[in-house]
Each structure stands twice: as C-alpha cells, then as structure tokens.
Amino acid sequence: MAVEEEGLRVFQSVKIKIGEAKNLPTYPGPNKMRDCYCTVNLDQEEVFRTKIVEKSLCPFYGEDFYCEIPRSFRHLSFYIFDRDVFRRDSIIGKVAIQKEDLQKYHNRDTWFQLQHVDADSEVQGKVHLEMRLSEVITDTGVICHKLATRVLECQGLPIVNGQCDPYATVTLAGPYRSEAKKTKVKKKTNNPHFDEVFYFEILHLPASTKMRRHIFFFRNTQFYHPSCFVATSSMHVTRPCSYSKKSHFDFEEEDVDKLEIRVDLWNASNLKFGDEFLGELRIPLKVLRQSSSYEAWYFLQPRDNGSKSLKPGDLGSLRLNVVYTEDHVFSSDYYSPLRDLLLKSADVEPVSASAAHILGEVCREKHEAAIPLVRLFLHYGKIVPFISAIANAEVKRTQDPNTIFRGNSLTSKCIDETMKLAGMHYLQVTLKPIIEEICQVHKSCEIDPVKLKDGENLENNMENLRQYVDRIFNVITKSGVSCPTVMCDIFFSLRESAAKRFQGDLDVRYTAVSSFIFLRFFAPAILSPNLFQLTPHHTDPQTSRTLTLISKTIQTLGSLSKSKSASFKESYMATFYDFFNEQKYADAVKNFLDLISSSGRRDHKSIEQPILLKEGFMIKRAQGRKRFGMKNFKKRWFRLTNHEFTYQKSKGNKKGDQPLYSIPIENILAVEKLEEESFKMKNMFQVIQPERALYIQANNCVEAKDWIDILTKVSQCNKKRLTVYHPSAYLNGHWLCCKATCDTTPGCTPCTGGLPANIQLDIDGDRETERIYSLFNLYMNKLEKMQEACGSKSVYDGPEQEEYSTFIIDDPQETYKTLKQIIAGVGALEQEHAQYKRDKFKKTKYGSQEHPIGDKSFQSYIRQQSEISAHSI
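Residues numbered from 1 in each chain as written. Predicted model: local features only at pLDDT ≥ 70, side-chain atom pairs only at ≥ 80, totals over all residues. Heavy atoms only, no water.

Colleague: Requested: an account of the nonpolar core, with residues and values cited.
Modeller: Counting 114 residues, the largest nonpolar core has L431, M487, F491, I517, I554, L593 and F776 as the members making the most contacts within it. When neighbours within four sequence positions are excluded, F776 is seen to be in contact with L338, L342, A355, I358, L359, L783, I822 and V826. Residues V14, V47, F65 and V95 belong to the second largest nonpolar core, which totals 33 residues. (Core = buried A, V, L, I, M, F, W, Y, C linked by side-chain atoms within 4.5 Å. Buried < 20%, exposed > 50% of the residue type's maximum accessible area, 1.4 Å probe, protein only. Contact = heavy atoms within 4.5 Å.)

Have a look at this one:
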C-alpha cells in the first residue's frame, strides 16, 4: 500500500532481524531471572511480537520480520517486556530509531543500548494551532493587545494503558507570571478535534507616564475571580494570581520575546496517579512580529526536564539488523525504456549481454538483483524463458555434473526467489501440519550419544526421528500434483539443459532439479519454518534440534548421492541413515522429480482440499443477523482458505472446530477500509456481502493491510464484485458517509483497485523497475568499468586486466551496446527524480500537516536541497 504524493507513489518496507538481548537488569526477587519478549512498533503501534524466552537475562530471539508500512511514521521502536503472570507486563527498556536515522544502520548487525521508558520518551503526535494578535486602545489611552489562541485538532496521540481521553492546556508564560486555560476532554480518541479559542490580554501603559512598560495577563471571563479585578474606563482587567508581588508603581519593562504560548496535552485518567503527560509545544510570541496571525502544525515534544535518572547501560542492550526501503515510483510511462530493455533479456544472444544479466554482474550480492528481476518477470509472465536462458548459459559453463547449480549464481538466486513467491502455499499444504505437530508434541529425537539427557533412550529417540522423517518424506514425494505450474516449467527447462550438456550422466537430469526442490526449498523450510511462514516464531532449542536432524536427512535423501553415508560428517548420522538405505526411497524421489519436471505437466484442478491462507485473532462487530440483540464487539479466531472466510470463538474450538459463521469466497463483494470515525476505533475494515457488511478490527495497521490485501486477492475474480461502497458504517438509521437513510442505498465512493488473483500479476511492475533503476544507479561505477572491459576485450586479444576479470562478457560489442542503453535510461530517470525533488522543495511548506514544525527529517531535507540549489547556481 503506497503513500500517495503529488504525481508519485511512495512505498515503504522494513525487514528486521531481532537477534538477542544481553545484560538485562535482574528481577528484584530470589530468582533474579526474567521471562522476556520483544515487540516491534511503528511509533507506539505494535506490529510484531517475538516469542517469550524464559528465565534469562540474555535472551536469544533469532526472529525475522518483514512488512510493508502503510502509513507515515517517525520512529521504529523495539520494546523489551518482562512477562508478569499476575499483573500487566512491565517494560524493561526500549530502542527507538528515528526514521531519518534508519539508513545509518542499513543491513548491519548493531548493538543498541536500551533506553528508559517514561512519559517523555513516549511523546508522539502533532497539534494544529492558530494565533492572532489584535490591538485595542482604551478611553484612558491604554494600549491593550488581545491574543487569541485557537487549538484546532491533534493527530496520532499515544494510547496510554489502552485508552486516550485527551485534553489540552494553553498557557501564556513569561518570567514573572503564567496563566493557563483548559479545553474540554475528548473521550476515546487519539485524533481529537477541539476547535476551542482562548483569549489573553496584554496591557501596555502610555509612554507619558514615564513608567517603563509592563505587560499584564488577563483571564477570560469564564475564569474571572472577584478578588482579581482592576477597573479601567472601558473594560475589566484581571491580574493573574501567579503575578509576582511588587509595588503598584514598581513596574519593569518586559521584553515580548520572553513571552511564549505553551500547549500541553494530557490524558484524563481515572487512576489515582493523576493525568498522564502526552507532550507539549512552546511557541515564542515573536512569531507574530511579521504578521498579526500565525497558523501551523507542530510535532509534540517531551518536556525539557524529562526523566534522565537511569544510565542507558543500566538496562542492557539489544542486537538488531534493520533494512528500511523507500521506493519513490512515477507513473508507468516513465519506466518504459528501461523496462522494455529488461524484459527482452531472454531473447538477447548471448544472454550475458542482456540488461538483466548485467544487473547480476554489477551488484555486490546476486540476491540484490534477483529479487526485483524475478518479481518483474513474474508480473509480465516472462519468468520461465528468462530463467531458462540464464540457466542454459550457466550449464554450458559448468564442467563437472556434480557441481551443477551448486554456486550462488544469478540463476540459483532467481530460482530461489521464484520458489519463495510461487511455492509458499505449496509449502503450507505439504509441510505445515506435520511441522506444527512436531512443535507441539516435543518428542525427544536426539541421536547424538554425547547430547543425550538423563533418562533418554537412544533407540527410542531414533525411532521417533525415523517416524518423523518417513512422514515428511512421504508427504513431499506424494505432493507432485500440487507443485505450482511455474516451478514445474522451470524444472523442465533445467532437466533438459542438464541432460543435453552431460549426456553420459543419466542422473544429472534428477540432480539438476533436486538441487533446488530439496536442497533450496524443502530442507530450508524444515530447518527454519518461521522464515517460510510455517510457524509464527523461531522454534525452541529442542524442536530446532529435531528439525535440523530431519532437514539433514531429507536433504540427503533428495540428493540421490551414490555414497549416502559419506555425506555425513557425524558418525551418528551415518548410522541413522542406514534406516533409509533402501531402493524404494531413491525410486520415490525419482518418480517425484519426474512428475514435477515433465513436459506439459499442469496443476490439477481436481485438488479440492482447502488451502489455509491466513488466520489469527481479530475483533468483529455483531452483524445484526438476529432481529433482537446487542450489536457488540467480540474477539474471534478468523481463518481464510481458498474456499471460505470463517470465524470461531477460539483457535482450538472443541465442538468439532465448527465455525460460528462462514462467508463463501464467492459471496465477498468487496473488502475495504472502514473510516475510524464510524466506531472511534483504528485499523478497521469491512468485508461486504450481498445482505450486510462484516466490520472487523485488526490488531495493528500492518495486520489490517495484510488481511485486506489477501481477502481482496482471493475474491478478485468474483463476478458480482462491487464498484462502489460506503466508507463509513450504517448507524442510527443512516450512512455516516453520505447521510442516506436506506441501508440498501448503493455506495457513495468508488472501490479501490484491489490485487489481481494471479500471482504473476500480484506485483507492482513499476515499483520493481524503480528498484532496478536504483541498483543500476548505485553501481554506476561498475557499469562504467564494464564498459571499459568491453572496450579492452574488443581491442586486445590477450590476457584481460585483473579488474575486468570478474565480469562475464561473451560478446563485447553486444554487451557494450546494452550498457550504453542502460546508462542512458538510468540517466533519464535520475533527471526526473532530481526535477521532482526540486519541484517538491518549492511547493512544500514547513509547518503544514504533512511536514509539521519539529520534523527533523524535513529539516535535513531542506538543508540538502538548499545546498544542491546553491551548488547548481
């Protein structure tokens, strides 16, 4: 989901590896140990939570998390919690990385010191404020300025202990006095609309009195107190109770620059500890020097005297690896030259002279190039001919059939990425049930005699492990008809290329395919199921050890190695493998490989078993199916398959796991966001059916986006899909959005363009082309070196220079021609990006809703653009 800007779409994503924490403070009790988990938060909204690591002050998590970020944010934060069985879990500390600082830590393992968490460290949100100064002269010649301060609204305030009932105090403060006024409390919202005006009066004495000017503060009439009145000829003047006591004639001139308006946001709490501080802003009155009115958005700031009691090192540290990506994507026509050049790569002879192959040559890591290339070719339906072309070229360069596709080449990385994209549901159907059983049952499967625990029996453990290996081997080798078509077509191409190149080796047609499907697909999924969405978290040490032993065995079974026992370094693994030294296992592997790499093989539509796509707890509103009854909100376990969308009371419903409600996929007419004002609840969406809409609240913005995307995708081909919908709910006899009174009134807003159902189209081609442009731009110096290498090879028919030896150049002239086109296309896009930045710099206003005052990233952007403009001048 992109954040729309003028003429541009901005995509944000983050990939995080949460490693471990160390030196956490001890628990203040006899045990000293803690049960800790880590959360990932966008600002303060939790989007991911690790498993709990028990009884440790140095917990290892080893968990990966990836998400598309559907909204703007200021901080990426990580909180370490200590689980408490009887009370609310306590926060040990946090790491907060400002958005503009994320690139400093890009793809680097970094230890971060945990910071103390208090009200000041949790400040977030922004305030819209307006001030106006008017002048009045009284009958006695006294000049009186009236300052009007208008608090319009706030956005994105933090939620404290599950609730947010905010109010604001507005204070006009100076060296000697302070006067505060307060808005009404807004219930149950972190985006309050106040729109309240407060008046402060500032008095200037006439110069003829030869007294130095002094400024008085006046209270609004609703705050007058009889003891504070001072009479003038035309108005009542109040003197604040906080005014410094001096002689009536001992006035001193006060510099207006020392006066300021301070706005403090508070959460009205029912707790005995008082209201919680949410943030403040301070505006000096000198901003009104140039103009009598002033209006701007401000980011809330912590107090100047925020808590600094604990040193960061007292709380321990957390190891993280963060990769934040921001793609600025133009409309499709901007990318046509570069995209067309890439898409014809499969037809270029030799393929090493193609744009896609050149990208693999210049990137530092092959997977950098493989990820956007595979997604682009999948989107346009050209992945099979492209991979066939680069695989055939690699096979021709391979001398030994035993090393075929064993390196980290562009071919192997592209096939890996294709299997991840196209084969995820295949893994879910094949492996997920047995992996979940292994994680839940915790059978002992350790077969290393050195690692056996007291009371364990080696023979029993071997039998447990053998049963697991047998079951997983059988489900894999019987799953051929479920293998996705695009994978089968690629395997057919690999098989044919290998058989043609090494005609004397009858097994190479199998090993060429097994090196991917077993070595790079099934074995890694068994070893690290959390990386393939087979488990929600990294498995515990015992289960991880069991999966490691299974993965090693399955990998060896699939390799069809002639010397099986020699494949293992450990003697206990060689002993265990004797269970599988039977011809039936090799025959089963070959039959499976034959099936998934056969010419003309297609995915059988007769497979009608439901495929689980997504599941999890969410909150739903009663749909009103019963004539009487409360339309309340309840937490339910939701499951989506390719057949239906259901919910039930709990994850493991005891009554035959029958759902409370089921929506057939063909009855989903639209899936859209629901405006927050409908129920004063965030992250809500609606699943629209023929007779009613099901209103659902997800746990966070990332999860809401995931559910909307996958529900839209699975129902995209429904014939009766709506073109318009109501973005708000039907409440109290009318639609909140358009005020129509009939509940069957057609929608008032066009439906959003959802995700296409076919995986080959479930990708943004322009975004992938933008990523490829960014890579070419990043490695421009290597492109130029490659041009030099082409010239060198064309002129000199001898040993090439060492700096050119890393490039594969089969045809220097054709490669040079392609390089020239790439550099021209990249240069044109670079100019468009530079022009967009210049135009944005001219149009953007500091203090606008998009860039409030206090936005450090925008301040940095302003400095950069000013330097660029000065340099160009």
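Colleague: Explain the sheet that holds strand β23 (residues 661–664) to me, using residue names and the numbers behind them.
Modeller: In sheet architecture, strand pairing relies on hydrogen bonds along the backbone and comes in two forms, parallel and antiparallel. As summarised here, the arrangement of the 7 strands in space is β23-β22-β21-β20-β26-β25-β24, forming an open sheet in which the pairing is antiparallel. The open sheet is flanked by β23 and β24 (670–673), the only strands paired with a single partner. Going across the sheet, the axis of each strand differs from the next one's by a mean of 30°, ignoring polarity. In this sheet, strand β21 (residues 633–641) lies alongside strand β20 (residues 612–621) in antiparallel orientation, the contact comprising 9 bridges. (Pairing = 2+ DSSP bridges. Helix = DSSP H or I, 4+ residues; strand = E, 2+ residues; numbered from the N terminus. Axes fitted to C-alpha atoms, helices over the stretch in contact; angles between N-to-C directions.)

Colleague: Tell me what's going on with the environment of V508, and back it up with residues and numbers.
Modeller: Mapped onto the elements, V508 comes out in helix α9 (residues 508–527). In this structure the C-alpha to C-alpha distance between V508 and L494, which are 14 residues apart in sequence, comes to 9.9 Å.

Colleague: Kindly report on the pairing of strand β4 (residues 45–49), identifying the contributing residues and their values.
Modeller: In the sheet, strand β3 (residues 36–42) pairs with β4 via 4 bridges, with the strands oriented antiparallel. Within the sheet, the bridge partner assigned to L42 lies in β4 and is E45. Hairpin connection between β3 and β4: a loop of 2 residues separates the two successive antiparallel strands, and D43 in this loop has a positive phi of roughly 55°.

Colleague: Can you break down the sheet that holds strand β7 (residues 90–98) residue by residue, with the values?
Modeller: The strand order across the open sheet built from 4 strands is β4-β3-β6-β7, with neighbouring strands paired in antiparallel fashion. Single-partner strands in this sheet number two, and they are β4 and β7. Taken pair by pair, the neighbouring strands of this sheet meet at an average axis angle of 30°, ignoring direction. Sheet topology note: the β3/strand β6 (residues 75–82) ladder contains 7 bridges and is antiparallel. Considered in β6, the bridge of C38 is made with I80.

Colleague: Give me the side chain of D82: which residues, what numbers.
Modeller: Mapped onto the secondary structure, D82 falls in strand β6. A distance of 3.2 Å separates a polar atom in the side chain of D82 from the backbone nitrogen of D35. Leave out the neighbours within four places in its chain, and D82 touches Y27, R34, D35, D89, S90 and I92. (Polar contact = N/O pair within 3.5 Å; in protein donor to acceptor, adjacent residues only side chain to side chain.)

Colleague: Go over unusual backbone geometry, please, and point to the residues and values.
Modeller: Omega for the peptide link from E349 to P350 comes to -10°, which places this bond in the cis form. Its location among the elements puts P350 in the loop between α1 (336–343) and α2 (355–362). Here the phi dihedral of D195 falls at roughly 50°; this positive angle occurs in a residue that is not glycine. Its place among the elements puts D195 in strand β13 (residues 193–204). The phi dihedral of K680 falls on the positive side, at around 55°, and the residue is not glycine. Along the polypeptide, K680 turns up in the loop between β24 and β25 (684–688).

Colleague: Requested: an account of the packing of aromatic side chains, with residues and values cited.
Modeller: For the structure on display, the rule yields 29 aromatic pairs. Between the aromatic rings of Y37 and F81, the centroid separation amounts to 5.2 Å while the plane-to-plane angle is 5°, which identifies the pairing as stacked. Residue Y37 is found in strand β3, and its partner F81 is found in strand β6; the two are separated by 44 residues along the sequence. For Y37, a relative accessible area of 4% gives the class buried. F81 gets classed as buried once you look at its relative accessible area, which sits at 15%. Each ring, one from Y577 and one from F580, has its centre 6.0 Å from the other, and the planes form 50°; the classification is tilted. Overall, the relative accessible area of 2% leaves F580 in the buried class. Pairwise contacts between aromatic rings join F473, F576, Y577, F579, F580 and Y585 into one cluster. The ring of W111 carries the charged tip of K22 above its face, separated from the ring centre by 4.3 Å. Sitting over the face of the ring of F617, K635 holds its NZ or CZ atom 5.1 Å from the ring centroid. (Phe/Tyr/Trp six-rings, centres within 6.5 Å; stacked < 30°, edge-to-face > 60°. Lys NZ or Arg CZ within 6 Å of the ring centre and 35° of its normal.)

Colleague: Give me the lowdown on the side chain of N41, citing residues and values where you can.
Modeller: With respect to the helices and strands, the residue N41 is situated in strand β3. By relative accessible area, N41 is classed as buried at 5%. Within the local environment of N41, its side chain forms a polar contact with the side chain of T39, the two groups lying 2.8 Å apart. Within polar-contact distance, the side chain of N41 engages the backbone oxygen of Q44 at 3.3 Å.

Colleague: Give a detailed account of the packing of α9 against helix α10 (residues 541–559), specifying residues and quantitative values.
Modeller: At a minimum axis separation of 9 Å, α9 and α10 run at an interaxial angle of 170°. The pairing of α9 with α10 is recorded here as roughly antiparallel in orientation. Contacts between α9 and α10 involve T511, S514, F518, L519, A523, I526 and L527 from the first element and L547, T548, I550, S551, I554, Q555, G558 and S559 from the second. Tallied by class, residues from the contact of α9 with α10 come to 8 nonpolar, 7 polar and no charged. (Parallel < 35°, antiparallel > 145°, perpendicular 65-115°, else oblique. Nonpolar A, V, L, I, M, F, W, Y, C, P; charged D, E, K, R; others polar.)

Colleague: Please set out the pattern of salt bridges residue by residue, giving values where relevant.
Modeller: According to the stated counting rule, one finds 40 salt bridges in the structure shown. A salt bridge links E677 to K680, with the shortest nitrogen-to-oxygen separation between them at 2.6 Å. On the basis of relative accessibility, which here comes to 42%, the residue E677 falls in the partly exposed class. Close ionic contact of E768 with R771 constitutes a salt bridge, the shortest N to O distance being 3.9 Å. Residue E768 and its partner R771 are both found in helix α14 (residues 765–778); the two are separated by 3 residues, about one turn of the helix. Its relative accessible area of 2% is what places E768 among the buried residues. The buried category is assigned to R771, whose relative accessible area is 18%. (Salt bridge = Lys/Arg side-chain N within 4 Å of Asp/Glu carboxyl O.)

Colleague: Describe the packing of helix α8 (residues 485–501) against α9, with residues and values.
Modeller: One way to put it is that α8 packs onto α9 with a least axis distance of 7 Å and a crossing angle of 140°. Here α8 is positioned oblique relative to α9, judged by the angle of their axes. The two elements α8 and α9 meet at a crossing, and its hand is right-handed. Across the interface between the two elements, M487, F491, L494, R495, A498 and A499 of α8 pack against V508, R509, Y510, A512, V513, F516, I517 and F521 of α9. (Left-handed = near helix turned anticlockwise from the far one by under 90°.)

Colleague: Let's hear about the environment of R771: which residues, and what values?
Modeller: Expressed as a C-alpha distance, the spacing of R771 and T325, which sit 446 residues apart in the sequence, is 9.7 Å. Those residues in contact with R771 that sit more than four places away from it in its chain are S13, Y66, T325, D327 and P372. Among the polar contacts listed, one links the side chain of R771 to the side chain of D327, at a separation of 2.9 Å.

Colleague: Could you give an account of the pairing of β21, naming the residues involved and the relevant values?
Modeller: Moving residue by residue along a regular strand, the side chains alternate between the two faces of the sheet. As paired elements, β21 and strand β22 (residues 644–648) share 4 bridges and run antiparallel to each other. Opposite L640, over in β22, you have F645 as the bridge partner. Connecting the antiparallel pair β21 and β22 is a turn made up of 2 residues.

Colleague: Now, about helix α13 (residues 701–714): what can you tell me, with residues and values included?
Modeller: Residues separated by three or four positions in an α-helix point in the same direction, a consequence of the helix having 3.6 residues per turn. The end-to-end C-alpha separation of α13 is 20 Å, in line with the 20 Å expected for 14 residues at 1.5 Å each. Most of α13 sits out of view: 11 of its 14 residues are buried. Buried residues of α13: C701, V702, E703, A704, K705, W707, I708, I710, L711, T712 and K713, and no others. Capping the start of α13, N700 holds a side-chain oxygen 3.1 Å from the backbone nitrogen of V702, two or three residues further along. (Expected span 1.5 Å × (residues − 1).)

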